[in-house]
Amino acid sequence: MDLGGKNIDNTALTVHVTLMTSQLRFRLYYIYLHGTKGTEMSKVSVHWFRHGLRFHDNPALLEAIKDAERFYAVFIFDGESAGTKISGYNRAQFLYESLCDLDSELKAVGSQLFIFNGVPAEIFTTLHKEAGVTHLSFEQDCEAIWNQRDDDVRRTCLELGMEVIEKISHTLWDPFDIIDANGGQPPLTYEMFVQVAQVLEDPPRALPNPEWDNVIFGEITDELAAKLKLAPKVPTPEMQGWIRNGEAPTYVGGERQALQHLKSRLRVEEDAFRDGYILPNQVNPDFLGPPLSMSAALRFGCLSVRKFYWDVHETYYKVNRGQPSATHSLTAQLIWREFFYCMSANNPKYDQMKQNPICIQIPWNKNPDHLKAWEMGQTGYPFIDACMRQMRKEGWIHHVGRTAVASFLTRGDLWISWEEGLKVFYKYLIDADWSVAAGNWMWLSSSAFERQLDCSVCVCPVAYGRRLEPTGEYIRRYVPELASLPHDYIFEPWKAPSKVQEKFGCIVGKDYPKRIVRHKTASKANYKMMKNIRDSLKLAPKHCAPSNADEIRQYLRLPKACFHNIVEGRH
Ligand SMILES: Cc1cc2nc3c(=O)[nH]c(=O)nc-3n(C[C@H](O)[C@H](O)[C@H](O)COP(=O)(O)OP(=O)(O)OC[C@H]3O[C@@H](n4cnc5c(N)ncnc54)[C@H](O)[C@@H]3O)c2cc1C
């Protein structure tokens, strides 16, 4: 049995119990001797799909089917299956498509995906007692939000004498290896994370698909099906209680779709390498073209992060005639993902201000009207409204759109807590990750991770949008009431003379809302408040230490030349 890369004698039944305290997560290995040396326990295995909804590069699945007498593939709806307790229609739909794809892949090899409703530990107990299941495999979920669920399952398996197989494949590295390599603490800045990661070995290569030829698939009797509330087919979002309300997602879930999507994404990467630059999705954020992001596929694990990582690197080698890229910068976005996962791995309060040891306590305002206006895309700032409306409709917005709306809600304009914004993101985004979303919100609101932005520079909702999508077509697409306005006013409709507003059928305050705040005034006041908070902190928090202007520029995806014009906020 392999636990996080550590091989343990397979005559012993080893259960990896991960305990957690609010500060620190300890890893304990319990070795529970089972039988005498040399005797093999017959293996009836279940692979529990949670994230990692795929066949390719799935080490836990490969281990589950190896030498199994019988094998079951299982998914459980336990109330949090779409990733977080809060989820809107689009993410539920993406999950549904991903499960349908997996089910049809399993049907093609002679089985099916068994979908149950209920508490995982109870379901595995029943499967052990009534179907003779001896082994349970799953992919590591490193976010602290899953600790309780997985600790319960591990404890139950230990009590029942079942073997647990847990493998790392949702991340490039085991976050706990990074923490160990950093002396027991997560590296508190991105820069430090990169340094620690460089000390570790390269991430493992993606593993091949399972060989299904010799696998014997288990069946579920009618009696057991009734007991475990086996779903007769993959339940649609509507069957689970979601109601479609104008949503029109552009991303489709499923492994096969993700692999197709990866091919087109790699062509874009290849073109960029040939033209001499990297990170094309960042350098030229395309607001109007076909969707390019891999985030939803990675979030549900329809695509292996290790496959994405290595395919991009291989493409680079191919274009550059075998020259390896020196650093991780080729896939820097993936390092941000690792960083936020790692930061949250031993911090169950990562998604809130209170009791969150890395978060600065900022006295944010409560303003339900402003919060609602922001959520509904009714702030009176066209670029902000376009982003929020795209997110509600399609379940996705580009990273730069996220930075604009997050800055606007928090330290930029409205001075509303990042926790409120986070809940809205959890609801609407198809790629919403408990830790990745919270980490980005803390970063953007100057609550953790960085120092330089700390409100002396904040994203201007007008200039940033104009810089990123100068044609205004993006706004016309998502804010149709502004569609006929001349280009001169599309980013600032309040500047259009009333005659122009009348002529083009868009009266500000009637057809489109007035600005809920004046950016210039609000951002100045917020700057003062943030400065006072900073001055009142006797010691600068460690995690706000060494970030630099380059890191901020890269995070905001802005070229050097225009950086200062955008962040100074002239409006
Ligand atoms: C306030 C805020 C909240 C966010 N919430 C999420 C979230 O819940 N889930 C999520 O996957 N991404 C989140 N992001 C990060 C990023 O905006 C999305 O991953 C986005 O889809 C990346 O698009 P891309 O086309 O540039 O990614 P790609 O080029 O396709 O990047 C590949 C992968 O890198 C990762 N990645 C890219 N940027 C970041 C980042 N800043 N932080 C962490 N990982 C990153 C994502 O997993 C992404 O799939 C958030 C960003 C902000 C500013």
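Parameters and conventions
Residues numbered from 1 in each chain as written. Predicted model: local features only at pLDDT ≥ 70, side-chain atom pairs only at ≥ 80, totals over all residues. Helix = DSSP H or I, 4+ residues; strand = E, 2+ residues; numbered from the N terminus. Core = buried A, V, L, I, M, F, W, Y, C linked by C-beta atoms within 7 Å. Buried ≥ 20, exposed ≤ 12 C-beta atoms within 10 Å, placed from the backbone. Contact = placed C-beta atoms within 7 Å. Near = placed C-beta within 6 Å. Nonpolar A, V, L, I, M, F, W, Y, C, P; charged D, E, K, R; others polar. Domains from an automatic or database assignment. UniProt positions renumbered as here; feature names shortened; annotations may be inferred. Pairing = 2+ DSSP bridges. Axes fitted to C-alpha atoms, helices over the stretch in contact; angles between N-to-C directions. Left-handed = near helix turned anticlockwise from the far one by under 90°. Right-handed = clockwise from strand over helix to strand, strands pointing away.

The subject of this paragraph is the environment of histidine 261. Examined against the element boundaries, histidine 261 turns out to sit in helix α8 (residues 255–274). Along the chain, histidine 261 and leucine 292 lie 31 residues apart, while their C-alpha atoms are 7.8 Å from each other.

As a further point, take the nonpolar core. Grouped together as the largest cluster of nonpolar side chains are 136 residues, with contacts concentrated most on Val74, Leu99, Phe383, Cys387, Ala404 and Ala437. The greatest single-element share of this core, amounting to eight residues, is contributed by helix α17 (residues 434–444). When sequence neighbours within four positions are dropped, the list of residues in contact with cysteine 387 reads Ile397, Gly401, Ala404 and Val405.

Below, the discussion takes up the site of the ligand. Near the ligand, the surroundings consist of 27 residues, among which Ser293, Ser295, Gln333, Ala437 and Asn440 are the closest. Among the elements of the structure, α9 (280–283), α10 (295–299), α12 (332–344), α15 (399–412) and α17 are those that each provide at least two residues to the shell around the ligand. Of the residues belonging to the shell around the ligand, the class tally is 14 nonpolar, eight polar and five charged. Taken domain by domain, the makeup of the shell around the ligand includes at least three residues from each of domain 2 (254–344) and domain 3 (368–568).

So, about unusual backbone geometry. Located in the positive-phi region is aspartate 67, a residue other than glycine, with phi close to 55°. Position of aspartate 67 relative to the elements: it lies in the loop between α1 (59–65) and β6 (70–77). Even without glycine at this site, tryptophan 415 takes up a positive phi of about 55°. Note that tryptophan 415 resides in the loop between α15 and α16 (418–428). Among the residues examined, tryptophan 415 registers 24 C-beta atoms within 10 Å and is labelled buried.

The next thing to look at is the UniProt feature "binding site: FAD" (unreviewed entry) in the protein. As annotated by UniProt and renumbered to match this structure, "binding site: FAD" (unreviewed entry) occupies Gln333, Leu334, Ile335, Trp336, Arg337, Glu338, Phe339, Phe340, Asp431, Ala432 and Asp433. Checked against the element boundaries, isoleucine 335 lands in helix α12. For isoleucine 335, a count of 18 C-beta atoms within 10 Å corresponds to the partly exposed category. Within the element layout of this structure, aspartate 433 appears in the loop between α16 and α17. We classify aspartate 433 as buried; it has 25 C-beta atoms within 10 Å.

As a further point, take the sheet that holds strand β9 (residues 163–167). Within the open sheet, the five strands sit side by side as β7-β6-β5-β8-β9. Their pairing is parallel. Two strands in the sheet have a free side with no partner beyond their single neighbour: β7 (113–117) and β9. Strand-to-strand twist of the sheet, defined as the mean angle between neighbouring strand axes without regard to direction, takes the value 30°. Bridge count for strand β5 (residues 44–49) against strand β8 (residues 135–139) is three bridges, and the pairing is parallel. Bridge pairing in β8 places serine 45 opposite histidine 135. The sheet contacts of helix α2 (residues 89–108) involve β5, β6 and β7, and relative to β7 the element is tilted by about 135°.

With that out of the way, let us pick up the packing of α8 against helix α11 (residues 305–319). At their nearest, the axes of α8 and α11 sit 9 Å apart, and the two run at 35° to each other. For the pair α8 and α11, the sense of crossing is right-handed. Along the contact surface, α8 presents Leu262, Leu266, Glu269, Glu270, Phe273 and Arg274, while α11 presents Phe308, Asp311, Val312, Thr315, Tyr316 and Val319. Classifying every residue of the contact of α8 with α11 by side-chain character gives seven nonpolar, one polar and four charged.

Along the chain, the position of glycine 439 falls in helix α17. Taking the C-alpha atoms as reference points, glycine 439 and cysteine 359, separated by 80 residues in sequence, lie 10.0 Å from one another.

Here the focus is the pairing of β9. Burial analysis of β9 places five of its five residues in the buried class, the great majority of the element. Going residue by residue along β9, you find Glu163, Ile165 and Lys167 tucked away on one face and Val164 and Glu166 tucked away on the opposite face as well. Both β8 and β9 contribute to a ladder of five bridges, which runs parallel. Its bridge partner lying in β9, glutamate 139 is registered against lysine 167. Crossover connection from β8 via helix α4 (residues 147–160) to parallel β9: handedness right-handed.

Relative orientation of the contacting elements α16 and α17 amounts to 145°, with a least axis distance of 10 Å. In this structure, α16 crosses over α17, and the sense of that crossing is right-handed. From α16, Trp418, Gly421, Leu422, Phe425 and Tyr426 reach across to α17, where they touch Ala437, Ala438, Trp441 and Met442. For the contact of α16 with α17, the per-class residue count stands at eight nonpolar, one polar and no charged.

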